[in-house]
Amino acid sequence: MSASPGSSNPEYVTARVRSRRSALFSDDDYRKLVRMGPAEIARFMEESEYEREINALGARHSGVDLIEYALNRNLAKHFNDLLAWADGRLYDLIARYLRKFDAWNVKTVLRGIYSGADRESVETDLIRAGELDDRLLDRLLDAGSIEEAIDLLDRTMFADPLRAAFDDYEDSGVLVPLENAIDRVFYEQLLSGLVVSEATETYREFLQAEIDFRNARNALRLARSGADVDPSEYFIEGGRLFTAGQLNALASNVDELVATIRESTYGDDLDDALDEFEAANSLISLERALDAALLEYSDRLGFVHPLSVAPVISYILAKEREVDNIRAIARGREAGLSEEEIEEELVIL
């Protein structure tokens, strides 16, 4: 991904994004989908802006597979459109953020190798919207081992962190060290070399919030699990809410951790989520609430700074939410979950 170093064009991109955002599914749409089977969901999507993908893939796939391939292809199309529209600094900021799908794809491939999943089921979950090209992704899908996959990533930002984490992976026998390495390098590159100016300040503010929410989630998971692990291994630099030392101290005490989040700058955003977490003791509901709070936070930044990258990031998150919700509904229906169980999996604002 590269763009000529010309000036940014936020007015044009923001207008296009506003139009795309208006076509996203509503919460009422999700409530309708929850009552449908996979074939009905695919038909509903065919009457929406997913029509092209459903029609193109319908001859080869059906049911949940058709829905998932259509969702991922549509997501990649929309995010590649963002890059086609943007110029200069705006392009570079969007391109940095879309590397989250490179991180997603590398983790997806490693999980597939680790679990012995077949190539097609791993490919279904890939989202081809980052910088890793189709040729490399196809070679990764054919990799026979974790080590081979890491070697294939040699010219990417993931190779050195993955090699550094490989011994921990072999010692522990779980993917956590490798997945942490991928997440950390993604967030580090987002903020590294970022020249903070009026135009990029909202970008940094949003990224700091995303890192804070990720650290809060990891800390709560650790506190809940009681596992004997070093919390600093899960810590991502760049946020404002915790230092590595604070996270170490708090990860063994859920009450203190919740109190720290309540007293932070995000307290008002997360109050209801934390109430629900304490009442129901449900980490899943808190994680859904964190996702919703981050989306609302990005919406506010986009509203306050309409000619920054914030409305674009807000749209990216909203589009991801749509895809994640539709996928959760389709998988839940296929698995025979009740409507109530499926709704608990959704991020609804």
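Note that this is a predicted model, so its numbers are computed, not measured.

Parameters and conventions
- Residues numbered from 1 in each chain as written.
- Predicted model: local features only at pLDDT ≥ 70, side-chain atom pairs only at ≥ 80, totals over all residues.
- Heavy atoms only, no water.
- Helix = DSSP H or I, 4+ residues; strand = E, 2+ residues; numbered from the N terminus.
- Rg over C-alpha atoms; globule rule 2.2 N^0.38 Å.
- Buried < 20%, exposed > 50% of the residue type's maximum accessible area, 1.4 Å probe, protein only.
- Contact = heavy atoms within 4.5 Å.
- Areas by Shrake-Rupley, 256 points an atom, 1.4 Å probe, with all protein chains shown as cover.
- Lys, Arg positive; Asp, Glu negative; His and termini not counted.
- Charge placed at Lys NZ, Arg CZ, Asp CG, Glu CD.
- Domains from an automatic or database assignment.
- Buried area = accessible area lost by both parts, 1.4 Å probe.
- Salt bridge = Lys/Arg side-chain N within 4 Å of Asp/Glu carboxyl O.
- Polar contact = N/O pair within 3.5 Å; in protein donor to acceptor, adjacent residues only side chain to side chain.
- Phe/Tyr/Trp six-rings, centres within 6.5 Å; stacked < 30°, edge-to-face > 60°.
- Axes fitted to C-alpha atoms, helices over the stretch in contact; angles between N-to-C directions.
- Parallel < 35°, antiparallel > 145°, perpendicular 65-115°, else oblique.
- Left-handed = near helix turned anticlockwise from the far one by under 90°.
- Nonpolar A, V, L, I, M, F, W, Y, C, P; charged D, E, K, R; others polar.

Quick look at the overall build of the protein chain
Next up, step 1: From N to C terminus, the protein chain includes 19 helices and zero strands.
Next up, step 2: Over its C-alpha atoms the protein chain spans a radius of gyration of 20 Å, differing by no more than 12% from the 20 Å that the globule rule assigns to 349 residues.
Next up, step 3: On the principal axes, the C-alpha backbone points of the protein chain span a range of 55 × 45 × 45 Å.
Next up, step 4: Residues counted as buried form 52% of the 349 residues belonging to the protein chain.
Next up, step 5: The long-range fraction of contacts in the protein chain, counting pairs at least 24 apart against all pairs at least 6 apart in sequence, stands at 66%.
Next up, step 6: By element, 45% of the accessible surface of the protein chain is carried by carbon and sulfur atoms, the whole surface being about 16,200 Å².
Next up, step 7: Treating the 39 positive side-chain charges of the protein chain as one cloud and the 70 negative ones as another, the clouds have centres 6 Å apart.

Some thoughts on the domain arrangement of the protein chain
Next up, step 1: When its domains are assigned, the protein chain resolves into domain 1 (39–85), domain 2 (101–193) and domain 3 (195–348).
Next up, step 2: One C-alpha centre belongs to domain 1, the other to domain 3, and the line joining them spans 27 Å.
Next up, step 3: Contact with domain 1, which involves 14 residues of that partner, is made by 14 residues of domain 3.
Next up, step 4: For the pair domain 1 and domain 3, the two sides together bury roughly 1,200 Å², of which 72% comes from carbon and sulfur.
Next up, step 5: Among the salt bridges present, the one from R331 reaches E68, with a minimum N-O distance of 2.4 Å.
Next up, step 6: Taken together, the connections running from domain 1 to domain 3 amount to seven residue pairs in polar contact (both at pLDDT 80 or more).

As for the packing of aromatic side chains
Next up, step 1: Applying the stated criterion to the full structure yields eleven aromatic pairs.
Next up, step 2: Residues F25 and Y30 carry aromatic rings whose centres are separated by 6.5 Å and whose planes lie at 40° to one another, so their mutual orientation is tilted.
Next up, step 3: The class of F25 is buried, set by a relative accessible area of 7%.
Next up, step 4: Here the aromatic rings of F25 and F44 are separated by 5.6 Å at their centres, their planes lie at 80°, and the arrangement is edge-to-face. Here F25 is found in the loop between α1 (10–21) and α2 (27–33), whereas its partner F44 is found in helix α3 (residues 38–46), with 19 residues between them in sequence.

Points about the packing of helix α6 (residues 88–98) against helix α18 (residues 310–334)
Next up, step 1: Across the interface, α6 lies against α18 with an axial gap of 11 Å and an inter-helix angle of 25°. Taken together, the axis directions place α6 and α18 in an arrangement best described as roughly parallel. Note that α6 runs across α18; the crossing there is right-handed. Residues I94, Y97 and L98 of α6 touch α18, and the partners they reach there are V312, I313, I316 and L317.
Next up, step 2: Looking at side-chain class alone, the contact of α6 with α18 contains seven nonpolar, no polar and no charged residues.

Some thoughts on the packing of helix α5 (residues 63–85) against α6
Next up, step 1: Look at α5 against α6: their axes get within 9 Å of each other, and the N-to-C directions meet at 155°. By the criterion of interaxial angle, the relationship of α5 to α6 is roughly antiparallel. By crossing handedness, the relation of α5 to α6 is classed as left-handed. On α6, the residues that touch F79, L82 and L83 of α5 are Y91, I94, A95 and L98.
Next up, step 2: Classifying every residue of the contact of α5 with α6 by side-chain character gives seven nonpolar, no polar and no charged.

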